[in-house]
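One letter stands for each residue in the lines below.
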Amino acid sequence: MRFFSIGIATFLLFSLVVASNWTPEDYEIFSLNDKIKKDLGSDITFYSWLGLENGPKATLKEISKAYRKKSRALHPDKYGSASQRFQRLSLVGNILRDQSLKKRYDYFLDKGFPKWRGTGYLYSKFRPGFLLTIAIVFVLVGGFHFVALRISRNQDFKRISEMKEQMKVQAWGGSQIPPTDGSDRKVINEANGRAFRVKNDGRVYLIDIDSNEDVMEIDEHSINRYPGFKDSLFFKVPAYLWNKSVAR
């Protein structure tokens, strides 16, 4: 169950990540960044354009002062041909003086900006629809569930096998050599208080203490086979939905 719970938590987190989008403000930053680099050079940033040597560490006061100085130099009243740059400068000033927008710009400046390709940015976040998101979560949860089933089966096999060996050690001693007289030995499991009979051929049976009769053989090979496709959620969920809808 622990593995299954971890799987569900992982898939829910994954579904939230793949369903997220860039914000409109992000697209505005991407577009403005592209235009400025195309106009002024690929190595130009919002900070370098304003002459801010401290870059992202620049204070609001420093940003405002640098913006006013740059805007005077590019004001349309003085340089009519620079009106387009002045408009872009105004947008840059708005972004850097807004703490939330500045954080977004600083993030992309550090991690890298996406590139425009045709109808969107190259590493635009994956935006699956509701049904596709459900399908992705179902496949991932089903995979973890199947792995958890196989791990559980292996643990059961190991537990029963170790218990049998423990009963043989109690009955035959550390050498685990059967009695030469061919007799069976009765032992009590110290962990659970149950009685077992160890046959001379190595088989181990759970016995009823009152009647001293064999109840069942303890055999690790008798437990459930390795889980298959029909034991997993890949089969059980569709089968359940089918039986509750169409088949019903």
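Residues numbered from 1 in each chain as written. Predicted model: local features only at pLDDT ≥ 70, side-chain atom pairs only at ≥ 80, totals over all residues. Heavy atoms only, no water.

## Brief notes about the overall build of the chain
Each helix and strand counted, the chain has eight helices and six strands in total. Order of helices (α) and strands (β) in the chain, N terminus to C terminus: α-α-α-α-α-α-β-β-α-β-β-β-β-α. Within the chain, the proportion of its 248 residues that are buried is 31%. (Helix = DSSP H or I, 4+ residues; strand = E, 2+ residues; numbered from the N terminus. Buried < 20%, exposed > 50% of the residue type's maximum accessible area, 1.4 Å probe, protein only.)

## Quick notes on the pairing of strand β3 (residues 185-188)
Pairing geometry for β3 and strand β4 (residues 195-198), over four bridges, is antiparallel. Bridge pairing links Lys186 to Arg197 in β4. The antiparallel hairpin formed by β3 and β4 contains six residues in its connecting segment, where Gly193 sits at a positive phi of about 75°. (Pairing = 2+ DSSP bridges.)

## Concerning the UniProt feature "transmembrane region" (unreviewed entry) in the chain
Taking the UniProt record as the reference, the feature "transmembrane region" (unreviewed entry) is found at residues 130-149. Secondary structure over residues 130-149 splits into 100% helix and 0% strand, and the C-alpha atoms at its two ends are 28 Å apart. (UniProt positions renumbered as here; feature names shortened; annotations may be inferred.)

## Here we look at the pairing of strand β5 (residues 204-207)
Burial along β5 is two-sided: Val204 and Leu206 facing one way and Tyr205 and Ile207 facing the other are all buried. Relative to β5, β4 runs antiparallel, the two being bridged by four bridges. Bridging across to β5, Phe196 finds its partner in Leu206. A loop of five residues connects β4 with β5, the two strands running antiparallel in sequence, and Gly202 in this loop sits at a positive phi of about 100°. Direction of pairing for β5 relative to strand β6 (residues 214-217): antiparallel, over a ladder of three bridges. Within the sheet, the bridge partner assigned to Leu206 lies in β6 and is Met216. Linking two consecutive strands that pair antiparallel, namely β5 and β6, is a turn of six residues; a positive phi of about 60° is found at Asn212 within it.

## Observations regarding the pattern of salt bridges
Across all of its chains, the model carries twelve salt bridges by this definition. The closest approach of N and O atoms between Asp156 and Arg159, which form a salt bridge, is 3.6 Å. Of this pair, Asp156 and Arg159 both sit in helix α7 (residues 130-172), three residues apart, roughly one helical turn. A relative accessible area of 30% places Asp156 in the partly exposed class. (Salt bridge = Lys/Arg side-chain N within 4 Å of Asp/Glu carboxyl O.)

## Here's the deal with the packing of aromatic side chains
Aromatic rings in a pair are described by how distant their centres are and how their planes are angled relative to each other. On inspection of all chains with the given rule, the structure shows eight aromatic pairs. Arranged with centres 5.7 Å apart and planes meeting at 50°, the rings of Tyr105 and Phe113 form a pair that is tilted. Here Tyr105 falls in the buried class, since its relative accessible area comes to 0%. Accessibility expressed as a relative area gives 15% for Phe113, which makes it buried. (Phe/Tyr/Trp six-rings, centres within 6.5 Å; stacked < 30°, edge-to-face > 60°.)

## Some points on the nonpolar core
Among the nonpolar cores identified, the biggest contains 25 residues, and Phe46, Val92, Leu96 and Tyr105 are the most heavily contacted of them. Listing elements by their share of this core, those giving two or more residues are α2 (24-40), α3 (46-50), α4 (60-74), α5 (83-96) and α6 (99-111). The element contributing the most residues to this core is α5, with five residues. With sequence-adjacent residues up to four places away left out, Val92 is seen in contact with Leu32, Ile36, Phe46, Trp49 and Leu50. Judged by nonpolar contacts, the second largest core, of eleven residues, contains Trp172, Phe196, Val198 and Leu206. (Core = buried A, V, L, I, M, F, W, Y, C linked by side-chain atoms within 4.5 Å. Contact = heavy atoms within 4.5 Å.)

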